[in-house]
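Overview (structure and organization)
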Amino acid sequence: MTSAEFNCKGDDYDVLLEWLGTGLLTSSGNKWFTHRKALTPAFHFKILDNFAPVFDSKSTILARKLLENGGESVKIFPLVKLYTLDVIVETAMGTASEAQSKQSSYTLAVEEIAAIAFFRMFNRIFYSNFMFQFHKLYEPYKRCLKTIHDFTLSVIEKRRLTLLNSPAATDKTVSQVPGDSELGSKSKKALLDVLLQTNIDGRPLTNEEIREEVDTFMFAGHDTTASAITFLLYSLAKHPEIQQKVYEEITSVIGEDKDTPVNISFLNNLKYLDLVIKESLRIFPPVPFITRTALKEVNLAGLVIPADTNLTIGIYNMHHNAEYFPEPERFLPERFEAERGAEKLNPYAYVPFSAGGRNCIGQKFAQYKSLPSMKSNRRFRK
Ligand code: HEM
């Protein structure tokens, strides 16, 4: 995970190329390096702080929808996915999104194309571009591609024009939709604005380069967070005593008033919830495996790996390794308490966000908490 020789992604990611181009997730070499360096400030806390009202208002909509269900069982993943899509559209592009209440052709297309990409990753016949054109999903795939690319490019073009005409406008982006007053009035900067103001090798990014990165954030940011939230809710439902503890902690920090806006200082005080989230990401890592291609022959712990070999890093398997996580199938948030034995372990045993240079750039965005607890990997030092 730390070696530049394994910096290049495996060929599984090829099914994403037409959609994402070579954005951060799929690029390699110099393009990846320069873009990663340039995009890192986009995930700075100052930028993320702008997004708290978006997280808050969109999760209120989700909670209301669940309440309206009147306590009946509900298929949670589709609802959560619309919530995370809403959040990513507003924060990445600065465009108002109401995916949770209205059908949007763009968010539907993102959902559909992601499902098609996953289907192809696990199907070695239709993984091939040649074979895929004969599959019944090919037409919807092409339709989704067009919807997504047209939408992203039009948002970029409009935003670039606004910026050219009034550079100060970036301070007031994110949702200028009537009725969305909690967002419209404050000073906000979307990830897109940071991209529009970024120079790489002394020149601004082209619309196409920005499109690749915005589409990448949409993919990498919505499905992962939706899985994480869904499995967290599932884990809480399976362990009512843990759910009760989490509930008590939340009410002790935030109070009983459910309408209190949530901010980062509240979240930083939810210490037990933090352990629960970590344990949920351990048992159910939203990205269960990642792959790399070895660019040249390499000796890995005595095993010779020929050049051009695809390697899989099994995050799910690693997180279920009893050597590092005793009783791995048990949901035990306390195993992440600092004073427990976890610190004897290897820093790379727990990697829900991967590790090394190609770790998740959206980790802070996904967890939205302050830096000290971000260093969770460090706890696993040998
Ligand atoms: C719980 C939520 C998330 C999890 C578990 C997660 C996990 C991961 C993992 C394991 C990788 C490494 C992929 C690889 O090596 O192929 C990764 C990369 C990446 N993630 Fe996330 N992610 C999450 C949320 C997000 C969010 C919210 C965003 C953006 C807003 C994001 C953007 C990215 C990008 C752009 C990369 C590629 C980074 C690079 O190669 O430089 N992720 N993520």
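Before any of the text, the structure's been laid out above.
This structure is a prediction, so every number in the text was calculated from the model and none was measured. (Residues numbered from 1 in each chain as written. Predicted model: local features only at pLDDT ≥ 70, side-chain atom pairs only at ≥ 80, totals over all residues. Heavy atoms only, no water.)

Observations concerning the overall build of the chain
Applied cut-off: Strands here are runs of E lasting at least two residues and helices are runs of H or I lasting at least four, both read from the DSSP assignment and numbered beginning at the N terminus. Think of it in three bands: with a 1.4 Å probe and only protein chains considered, a residue is buried below 20% of the maximum accessible area for its type, exposed above 50%, and partly exposed in between. Residues are treated as being in contact if the distance between any of their heavy atoms lies within 4.5 Å. Only the protein chains shown count as covering a residue, and every accessible area follows the Shrake-Rupley method with a 1.4 Å probe.
Looking only at helices and strands, the chain features 16 helices and six strands. Looking at the chain residue by residue over its 382 residues, the buried ones come to 48%. In the chain, 71% of the contacts between residues at least 6 apart in sequence involve partners at least 24 apart. Roughly 19100 Å² of accessible area belongs to the chain as shown, and the carbon and sulfur atoms make up 59% of that amount.

Side note on the pairing of strand 3 (residues 290-293)
Looking along a regular strand, one sees side chains alternate from face to face of the sheet. Defined as follows: Two strands pair if DSSP finds at least two bridges between them.
Alternating positions in strand 3 separate into two faces, I290 and R292 on one and T291 and T293 on the other, with burial throughout. By the bridge criterion, four bridges tie strand 3 to strand 6 (residues 310-313) in an arrangement that is antiparallel. Paired with T291 across the two strands is T312, which belongs to strand 6.

Regarding the packing of helix 2 (residues 29-39) against helix 10 (residues 207-238)
For any two helices packed against each other, the geometry comes down to the angle between their axes and how far apart the axes lie. Operational definition: Only C-alpha atoms enter the line fits that serve as axes; for helices the fit covers just the stretch in contact. Angles between N-to-C directions range over 0 to 180 degrees. What sets the label is the angle itself: under 35 degrees gives roughly parallel, over 145 gives roughly antiparallel, 65 to 115 gives roughly perpendicular, and the rest give oblique. Ten residue types, Ala, Val, Leu, Ile, Met, Phe, Trp, Tyr, Cys and Pro, are classed as nonpolar, four, Asp, Glu, Lys and Arg, as charged, and the remainder, Gly among them, as polar.
One way to put it is that helix 2 packs onto helix 10 with a least axis distance of 13 Å and a crossing angle of 70°. For the element pair helix 2 / helix 10, the angle class is roughly perpendicular. Within the contact between the two elements, helix 2 uses K31, H35 and L39 and helix 10 uses E209, E212, E213 and F217. Broken down by class, the residue content of the contact of helix 2 with helix 10 amounts to two nonpolar, one polar and four charged.

Some details on the packing of aromatic side chains
The criterion, for reference: Under the pairing criterion, centres of Phe, Tyr and Trp rings, with the six-membered ring standing for Trp, must be within 6.5 Å; the plane angle then separates stacked pairs below 30 degrees from edge-to-face pairs above 60, leaving the rest tilted. Only when the NZ of Lys or the CZ of Arg is both within 6 Å of the ring centre and within 35 degrees of the ring normal is a charge said to sit over the ring.
The full count for this structure, using the stated rule, is 16 aromatic pairs. Measuring from ring centre to ring centre gives 5.4 Å for F55 and Y368, while their planes differ by 70°; the resulting arrangement is edge-to-face. Here F55, found in helix 3 (residues 45-68), pairs with Y368, found in the loop between helix 15 (363-367) and helix 16 (371-374); they are 313 residues apart in sequence, far enough to count as distant. Accessibility assignment for this pair places F55 and Y368 in one class, buried. In textbook terms, an aromatic cluster arises when at least three aromatic residues are bridged by ring pairs, as seen for F51, F55, F365 and Y368. Here the basic side chain of R120 rests over the ring of F132, its NZ or CZ set 4.1 Å away from the ring centre.

Here's the deal with the coordination of the iron atom of the ligand
Stated precisely, the cut-off is as follows: Think of the donor list as every N, O and S atom within 2.8 Å of the metal, or within 3.2 Å for Na, K and Ca; water never makes the list, so a site can look incomplete.
Protein coordination of the iron atom of the ligand is limited to a single donor, C360 (SG), which sits 2.3 Å from the metal. Looking at the element boundaries, C360 is found in the loop between helix 14 (315-319) and helix 15.

What about helix 11 (residues 240-254)?
Rule in force here: What a helix is expected to span follows from its residue count: subtract one and scale by 1.5 Å.
The end-to-end C-alpha distance of helix 11 is 21 Å, a good match for the 21 Å that 15 residues give at a rise of 1.5 Å each. For helix 11, the complete set of buried residues consists of I242, V246, E249, T251 and I254. Packed against the buried residues of helix 11 are helix 10, helix 12 (264-268) and helix 13 (271-283). A positive backbone phi angle near 95° is found at G255, which sits one or two residues after helix 11.

Description of the site of the ligand
Applied cut-off: We call a residue near a molecule or strand as soon as one heavy atom of that residue lies within 4 Å of the molecule or strand. Counted as a polar contact is a pair of N or O atoms within 3.5 Å, where, for protein atoms, one must be capable of donating a hydrogen and the other of accepting one, and residues adjacent in sequence contribute only when both atoms are in side chains.
Around the ligand, a shell composed of 27 residues is seen, among which K9, Y13, W32, R36 and C360 lie nearest. Between the ligand and the protein, one listed contact pairs an oxygen atom with a side-chain N or O atom of W32 at 2.7 Å. At a separation of 2.8 Å, an oxygen atom of the ligand approaches a polar side-chain atom of R36. Within the residue set of the shell around the ligand, elements represented by two or more residues are helix 2, helix 10, strand 3 and helix 15. Examining the composition of the shell around the ligand, we find that six residues originate from one element, helix 10, more than from any other. Of the residues that constitute the shell around the ligand, the class distribution is 16 nonpolar, seven polar and four charged.

Some words on the side chain of E213
Inclusion rule: Charge convention: Lys and Arg are scored as positive, Asp and Glu as negative, and His as well as the terminal groups of each chain are ignored. Here a salt bridge means any side-chain nitrogen of Lys or Arg lying within 4 Å of a carboxyl oxygen belonging to Asp or Glu.
If you trace the backbone, E213 turns up in helix 10. For E213, which is buried and forms no salt bridge, the nearest opposite charge comes from K31, at a distance of 5.7 Å. Setting aside chain neighbours within four positions, we find E213 in contact with T22, G23, L24, H35, L39 and L195.

Observations regarding the side chain of E111
Summarising the element assignment, E111 is placed in helix 5 (residues 105-121). Filtering out sequence-adjacent residues up to four positions away, E111 remains in contact with K81, L82 and L85.

A few points about the environment of F126
Mapped onto the fold, F126 is located in the loop between helix 5 and helix 6 (129-132). Taking the C-alpha atoms as reference points, F126 and L137, 11 residues apart in sequence, are found 9.9 Å from one another. Excluding residues within four positions of it along the chain, F126 makes contact with F119, R120, M131, F132 and H135.

None of this, on its own, says anything about what the molecule does.
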